[in-house]
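Here are the chains, one letter per residue:
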Amino acid sequence: MSQPVLAVDIGGTKLAAALAGPTGSLHGVRRVATPPGGDAATLWETLTELIDAVLDGSRVAGVGVGCGGPMRWPEGVVSPLNMPGWRDFPLRAALAGRFPGVQVRVHNDAVCLAVAEHWRGAGRGSADMLGMVVSTGVGGGLILGGRLVHGGSGNAGHIGHVVVEPDGPLCGCGGRGCLEAIARGPGLTAWAMRQGWIPGGESAAGTVRPASYLEATAASGRQLALDAAAGDEIALAAMSRAGRALGVAIASAVNLCDLDLVTIGGGLSQAGPPLFEPLRAALGDHTRLEFARRVRVVPAALGQESGLVGAAALVLAADRY
Ligand SMILES: [Zn+2]
């Protein structure tokens, strides 16, 4: 394959695109903010302008795209939760019209992150792994026998809705006690604030704040992780809560799928021991059989270009992904 592949990463805050060489090396990476509240035509126009700038006249051998879900797969008809302008938008067909005669593949963005870690990141050489992302949502992709498992609708590996507390908090999916309801960044910061966490400051445990304060303070999971690292007790308790939930969900996945590796990406994964120690403790509590105890849980190795690398792999290593 002498011509490069076009890799595209579509999310609610930014759109990114690049050309990828045969080994996944990226050239000409460009990013643009996702137009807030943009309608379908505006979003498409922004995307095609970005793509044209990256191509700069080059021809490509294929197009790989990661996009926020949900989507109809493999058709690539997308309705990203945080891009309301696209509802049942035929993204794959629209791109195929623009790139006639070459392969165009669209997959869930969390799946692309898992593929990237397996292909070029912390999961290289692993036969059976789950690549997770813990961010605004919790998602993942599943590799078994060295190949991506799609599932019937492209959603295999979506560990965010594995139940970890049957009587736990309501989840955005309509269920209760899902991993995502507990460990997603906004859910965790809201929990910490209800316990009296003051972002960036020492919390006074037991202080109850009015709802308006909670709404007005946009504190990120990253800040929570920083406060935990600095020893803030409530932030530490929040990390422990997320870590235990992750450990329970990962134990279930390991017992079900006989995994050797789990990678964790996203903002919360930078928290270090305050997250990973309770995670590993819960994982140990719930993986008692010999085969399950070999699993390793590690932070994702690739940075912000991970989504583009995974998108490129959909074309460059299509036999596996
Ligand atoms: Zn759920």
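These numbers come from a predicted model, not from an experiment.

Let's shift gears to the coordination of the zinc ion. Ideal geometry at a metal centre: 109.5 degrees between donors when four sit tetrahedrally, and 90 or 180 degrees when six sit octahedrally. Coordination of the zinc ion by the protein comes from H161 (ND1), C171 (SG), C173 (SG) and C178 (SG), over a distance range of 2.0 to 2.4 Å. For the zinc ion, the 4 donor atoms in the first shell make angles of 104 to 120° at the metal, a pattern classed as tetrahedral. Along the chain, the residues donating to the zinc ion are arranged with the sequence spacing H-x9-C-x1-C-x4-C. Given a relative accessible area of 3%, C178 falls into the buried group.

So, on to the packing of helix 3 (residues 109-120) against helix 10 (residues 306-316). The relative placement of two packed helices comes down to the angle between their axes together with the axis-to-axis distance. Following both chains from N to C, one finds helix 3 and helix 10 inclined at 80°, their axes separated by 7 Å at the closest point. Regarding the angle of helix 3 to helix 10, the classification is roughly perpendicular. Seen from helix 3, the contacting residues are C112, L113, V115, A116, E117, W119 and R120; seen from helix 10, they are S306, G307, V309, G310, A311, A313, L314 and L316. Its residues placed into classes, the contact of helix 3 with helix 10 shows 10 nonpolar, 3 polar and 2 charged.

So, about the pairing of strand 9 (residues 129-134). Counted residue by residue, strand 9 has 6 buried out of 6 residues, so it is predominantly covered. Of the two faces of strand 9, the one holding M129, G131 and V133 and the one holding L130, M132 and V134 are both buried throughout. Looking at chain direction, strand 9 and strand 10 (residues 138-144) are connected through 6 bridges and run antiparallel. Directly across from M132, in strand 10, lies its bridge partner G140. Connecting strand 9 to the next strand, strand 10, in antiparallel fashion are 3 residues. Note that strand 9 and strand 12 (residues 261-265) share 5 bridges and pair parallel. From the neighbouring strand, G131 faces strand 12, where its bridge partner is T263.

Cut-offs applied
- Counting restarts for each chain, with residues numbered from 1 along the sequence as it is written.
- Local features in a predicted model are, by the rule used here, given only for residues with pLDDT of at least 70; side-chain atom pairs are given and counted only at 80 or more, and totals for whole chains, interfaces and linings are based on all residues.
- To obtain the side-chain values, all non-hydrogen atoms of the structure were included, while hydrogens and water were left out.
- Water is not among the atoms examined, so metal sites may look incomplete; donors are the N, O and S atoms within 2.8 Å of the metal, or within 3.2 Å for Na, K and Ca.
- Angular criteria define each label, namely tetrahedral for four donors with all angles between 85 and 135 degrees, square planar for four and octahedral for six donors with opposite donors over 155 degrees apart and remaining angles between 65 and 115, and irregular for whatever fails these tests.
- Relative accessibility decides the category of a residue: with a 1.4 Å probe and only protein chains considered, values under 20% of the type maximum give buried, values over 50% give exposed, and everything between is partly exposed.
- Axis definition: a line fitted to C-alpha atoms, over the contacting stretch in the case of helices. Angles run 0 to 180 degrees between N-to-C directions.
- Secondary structure follows DSSP: runs of H or I at least 4 residues long count as helices, runs of E at least 2 residues long count as strands, and numbering of each begins at the N terminus.
- In this scheme, roughly parallel covers angles under 35 degrees and roughly antiparallel covers those over 145, while 65 to 115 is roughly perpendicular and the rest are oblique.
- By the convention used here, residues are in contact when the closest approach between their heavy atoms is within 4.5 Å.
- Three classes are used, and their members are as follows: Ala, Val, Leu, Ile, Met, Phe, Trp, Tyr, Cys and Pro are nonpolar, Asp, Glu, Lys and Arg are charged, and the others, Gly among them, are polar.
- Pairing between strands is defined by DSSP: at least two bridges between them are needed.

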